[in-house]
Amino acid sequence: MSEIERPTPDPTPEEVREAQALREALEGHGEHELAELAGALKFAHDPPEIDPALNETLVRAAIARAHRSGSRVVYVAFGAATALALAAAVALLVTRGGVERAPELALSRSTQSLFDAPFPRQGGTSARVDRIAEARARDYRANLFARMGVR
Amino acid sequence: MIADCGTRVRSPATWIASLAAIVLVALASWGCTGRDRGETGGASSVAAPPVDTILMAYLSKARSLHHLADMREEDGDLRGAVAELDKLMTTPIPGGAQPMQEALEVLADTYARTAELRGQLGEFDAAERDLEQGLKRAPKVSFFEGHLYEVRGVIAQKRAKALADKGDKDGSEKQRRRAFEDFDQAGRIQDKVIERLLPDAGGHGR
């Protein structure tokens, strides 16, 4: 009798107990360390129909996880943008505060607005020049004060 | 369900993004306007210079010369009055290549006065030359321009009378027609100025 034809030896009592526990675990009674592996192999080979309620629950949970992760990214991105904008505002304020701004000055312009009526046919030129010089003298003084920083 | 979740997630983010955008745009525009103000010396016109010492010196000189001319006229010295005012004609105009508006207007008015004085002296050609110079400097559609045309009409009227006295009937009539034209032109200009200045006359004010 060859080695191959030789009958397997009888199982030991320990092997019999393990086999019994695995069979019961596969039938849904009790647990066994090889039962999860056997189940996974079974579902991979011939997956059963999934319960619609369970499917909905799984989808909701997955989407909720995705949104939690996505919103964190959005908050971080816009939060950083806002912080940068505020930092720029502060920098601009500080910079502008340190630069002396040009004073508001009265500019050269027509004197037409000093006169409300046509000039008399004869005379009156000196009075007109007086009015122009006096008006611009006020502007000139205002410009001097503005340049000196007096308000 | 997904749309609901999307709305819930985007709303706060949109608010934050909007706030950030508003802050950035406001800062950018404020920065730009501030820079413009600084470059133009705080005024709307870049070209116009501020009222300065040179302009005031010019106006002061013009004022003095006109009062001196007044006194010469009071003394009956019309040539002396013209001579005083001629000093302003040879004074450099503030602003150089871009003369300051006040100086141009005072100079134009001074030319009108010298023309008037020369007309009284019977120096009609010289008077007309002064008026041409004045019209080159006076702003268009202004009391200054209208006054110059008015004085030109007066000069033409005087010239017509002088020619008539000499028996030059054609020459006199020609000058009379010129006087009519100049007075009409002066009237049209003054009407436009008044219309522009007075809202009651249909204008929009100054």
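Computed from a prediction, not measured in an experiment: that's the story for all the values here. (Residues numbered from 1 in each chain as written. Chains lettered and ligands numbered in written order. Predicted model: local features only at pLDDT ≥ 70, side-chain atom pairs only at ≥ 80, totals over all residues. Heavy atoms only, no water.)

**A word on the overall build of chain A**
Check the secondary structure of chain A and you find four helices and zero strands. Ordered by position in the sequence, the α and β elements of chain A form the string α-α-α-α. The burial tally for chain A puts 21% of its 151 residues in the buried class. Here the analysis covers contacts within chain A between residues at least 6 apart in sequence; of these, 37% occur between residues at least 24 apart. (Helix = DSSP H or I, 4+ residues; strand = E, 2+ residues; numbered from the N terminus. Buried < 20%, exposed > 50% of the residue type's maximum accessible area, 1.4 Å probe, protein only. Contact = heavy atoms within 4.5 Å.)

**Here we look at the overall build of chain B**
Assigned secondary structure in chain B consists of seven helices and zero strands. When the elements of chain B are put in sequence order from the N terminus, they spell out α-α-α-α-α-α-α. Looking at chain B residue by residue over its 206 residues, the buried ones come to 43%. Sequence separation of 24 or more characterises 59% of the internal contacts of chain B that already satisfy a separation of 6 or more. Entry remark: accessible area of chain B is about 11100 Å², with carbon and sulfur atoms responsible for 55%. (Areas by Shrake-Rupley, 256 points an atom, 1.4 Å probe, with all protein chains shown as cover.)

**So, helix α1 (residues 13-26) of chain A**
With 14 residues, α1(A) extends 20 Å from end C-alpha to end C-alpha; this agrees with the ideal 20 Å at 1.5 Å per step. In the stretch just after α1(A), Gly28(A) is the one whose phi turns positive, near 95°. (Expected span 1.5 Å × (residues − 1).)

**Considering the packing of helix α2 (residues 53-74) of chain B against helix α4 (residues 101-120) of chain B**
Packed helices, taken two at a time, are described by their axes: the angle between them and the distance between them. All names here are of chain B. Two elements in contact, α2 and α4, have axes whose closest approach is 10 Å; the angle formed by their N-to-C orientations is 15°. In this view, α2 runs roughly parallel relative to α4, as classed from their interaxial angle. As for the relative orientation of α2 and α4, their crossing is left-handed in sense. Contacts from Leu-55, Tyr-58, Leu-59, Ala-62, His-66, Ala-69, Asp-70 and Glu-73 of α2 reach α4 at Glu-102, Ala-103, Val-106, Leu-107, Thr-110, Arg-113 and Leu-117. For the contact of α2 with α4, a count of residues per class yields nine nonpolar, two polar and four charged. (Axes fitted to C-alpha atoms, helices over the stretch in contact; angles between N-to-C directions. Parallel < 35°, antiparallel > 145°, perpendicular 65-115°, else oblique. Left-handed = near helix turned anticlockwise from the far one by under 90°. Nonpolar A, V, L, I, M, F, W, Y, C, P; charged D, E, K, R; others polar.)

**Let's talk about the packing of aromatic side chains**
All names here are of chain A. Scanning all chains against the criterion turns up four aromatic pairs over all chains. Between Phe-115 and Phe-119, the ring centres sit 5.2 Å apart and the planes meet at 80°, which makes this aromatic pair edge-to-face. Comparing Phe-115 with Phe-119, the two get one shared label, buried. (Phe/Tyr/Trp six-rings, centres within 6.5 Å; stacked < 30°, edge-to-face > 60°.)

**So, helix α5 (residues 124-137) of chain B**
Think of an α-helix as turning once every 3.6 residues; residues three or four places apart then point the same way. In a regular helix each residue adds 1.5 Å, so 14 residues correspond to 20 Å; α5(B) covers 20 Å between its end C-alpha atoms and thus fits that length. The complete set of buried residues in α5(B) reads Phe124(B), Ala126(B), Ala127(B), Glu128(B), Asp130(B), Leu131(B), Gly134(B) and Leu135(B).

**Considering the nonpolar core**
Residues and elements named next belong to chain B. Among the nonpolar cores identified, the biggest contains 38 residues, and Leu-59, Leu-88, Val-106 and Leu-148 are the most heavily contacted of them. Of all the elements, α4 adds the most residues to this core, at seven residues. Those residues within four positions of Leu-148 in sequence are excluded, and the remaining contacts are Ala-108, Ala-112, Leu-131, Gly-134, Leu-135 and Ala-138. Membership of the second largest hydrophobic core comes to six residues, among which are Ala-69, Leu-78, Ala-81 and Leu-117. (Core = buried A, V, L, I, M, F, W, Y, C linked by side-chain atoms within 4.5 Å.)

**A word on the packing of helix α3 (residues 78-89) of chain B against α4(B)**
Residue and element names in this part refer to chain B. For the pair α3 and α4, interaxial distance at closest approach is 10 Å and the crossing angle is 155°. One finds that α3 runs roughly antiparallel with respect to α4. For the element pair α3 and α4, the recorded crossing hand is left-handed. When α3 is examined against α4, the residues Leu-78, Ala-81, Val-82, Leu-85, Asp-86, Leu-88 and Met-89 are found in contact with a partner set consisting of Val-106, Leu-107, Thr-110, Tyr-111, Arg-113, Thr-114, Leu-117, Arg-118 and Gln-120. Its residues placed into classes, the contact of α3 with α4 shows ten nonpolar, three polar and three charged.

**Side note on the confidence of the model for chain B**
All names here are of chain B. Predicted confidence across chain B gives a mean pLDDT of 83, with 74% of residues reaching 70 or more. Highest mean pLDDT in chain B belongs to α3 (98); lowest belongs to helix α1 (residues 2-39) (52). Throughout residues 1-9 the model reports pLDDT below 50, and contacts reaching past four residues in sequence, or to other chains, amount to seven contacts. Ignoring residues within four places in sequence, the model shows residues 31-45, a span with pLDDT below 50, making 17 contacts including any to other chains. Scored as a complex, the prediction yields pTM 0.59 and ipTM 0.71. (pLDDT = per-residue confidence, 0-100.)

**As for the environment of Arg17(A)**
All names here are of chain A. Mapping Arg-17 onto the fold places it in helix α1. Judged by its relative accessible area of 51%, Arg-17 falls in the exposed class. One polar contact links Arg-17 to Glu-14, side chain to side chain, over a distance of 2.4 Å. (Polar contact = N/O pair within 3.5 Å; in protein donor to acceptor, adjacent residues only side chain to side chain.)

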